[in-house]
Amino acid sequence: MGLHFHRNDDGTTTGRNDANGFTVTHAEEEEVKRQLYEDAGWEYTPPPAPVTPGHHRFCLVHEEDPGCGVEDESYAGLRVRPPEGCVPADHGHFALECERPGKTLLDAVAGTVAEVRRDHGVVMNSLGVEKPGEWFDAGTRNGYAAEVVAHLVLMAAHRSRLLGYGRKDLVRLLDATGIE
């Protein structure tokens, strides 16, 4: 069974359950999702309340060592004293579910990554995005698209370090793109 969602040109969202052909269109995307889940017999969980202005919600994951579980001693300090606004979580790896201040999502992520590294010696290297090539809301600076960007930058930094590249190498590459 597959549930599919499509944003229409008029701002509405259409959802379809391929198993039985049930289709619904509504102005509210969450209402479409709720009705499709109900039709499929799945439990629907509404999204969390919006964050307060100037704050961003994201999940940082430490995916460096696949054999290192959430209860590993290397995370003891983070479990006891996580950054303010973050809660330790198990996402198959050690993770921090955070709601943190920042001018942008990337600013909030960068500040949190720096704090964790400084205070605990752990470099968080992912936002847990499973399929970064699939993104929506490309025009929303602080939405899912921004999470994908932060995820890819953290992943690139981590993997570059494993290959022996340093900060200057990554900055040179970013500068070469002409990004301002």
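Refer to the structure printed above.
Because the structure is a prediction, the values reported are computed rather than measured.

> Sorry if this is basic, but what is going on with the overall build of the protein chain here?
The number of helices and strands found in the protein chain is five helices and six strands. Counting from the amino terminus, helix and strand elements in the protein chain follow one another as β-β-β-α-β-α-β-β-α-α-α. Buried residues in the protein chain amount to 31% of all 180 residues. At a minimum sequence separation of 6, the contacts of the protein chain that also span at least 24 residues come to 46%. Of the roughly 11,500 Å² that the protein chain leaves accessible, carbon and sulfur atoms contribute 53%. For the protein chain, the centre of its 18 positive side-chain charges and the centre of its 30 negative side-chain charges are spaced 8 Å apart.

> Explanation requested: the state of the cysteines in the structure shown.
The tally for this structure, following the rule as stated, stands at one disulfide. Each disulfide pairs two cysteine sulfurs, and for C86 the partner residue is C98, the sulfurs being separated by 2.2 Å. Negative torsions about the S-S bond denote left-handed disulfides, and the value of about 110° found for C86 with C98 makes this one right-handed. Of the two residues, C86 sits in strand 5 (residues 86–90) while C98 sits in strand 6 (residues 94–101), which places them twelve residues apart along the sequence. What makes C86 buried here is its relative accessible area of 7%. With no disulfide of its own, C59 lies closest to C98 among cysteine sulfurs, the gap being 7.3 Å.

> Is there a simple way to explain the side chain of E115 in this structure?
Residue position: E115 is located in helix 3 (residues 105–120). The exposure class assigned to E115 is buried, which follows from its relative accessible area of 18%. Within the structure, the side chain of E115 is placed 2.8 Å from the side chain of R100, a separation counted as a polar contact. Setting aside residues up to four positions removed in sequence, E115 forms contacts with P83, E84, R100 and H120.

Rules and cut-offs
Residues numbered from 1 in each chain as written. Predicted model: local features only at pLDDT ≥ 70, side-chain atom pairs only at ≥ 80, totals over all residues. Heavy atoms only, no water. Helix = DSSP H or I, 4+ residues; strand = E, 2+ residues; numbered from the N terminus. Buried < 20%, exposed > 50% of the residue type's maximum accessible area, 1.4 Å probe, protein only. Contact = heavy atoms within 4.5 Å. Areas by Shrake-Rupley, 256 points an atom, 1.4 Å probe, with all protein chains shown as cover. Lys, Arg positive; Asp, Glu negative; His and termini not counted. Charge placed at Lys NZ, Arg CZ, Asp CG, Glu CD. Disulfide = S-S within 2.5 Å. Polar contact = N/O pair within 3.5 Å; in protein donor to acceptor, adjacent residues only side chain to side chain.

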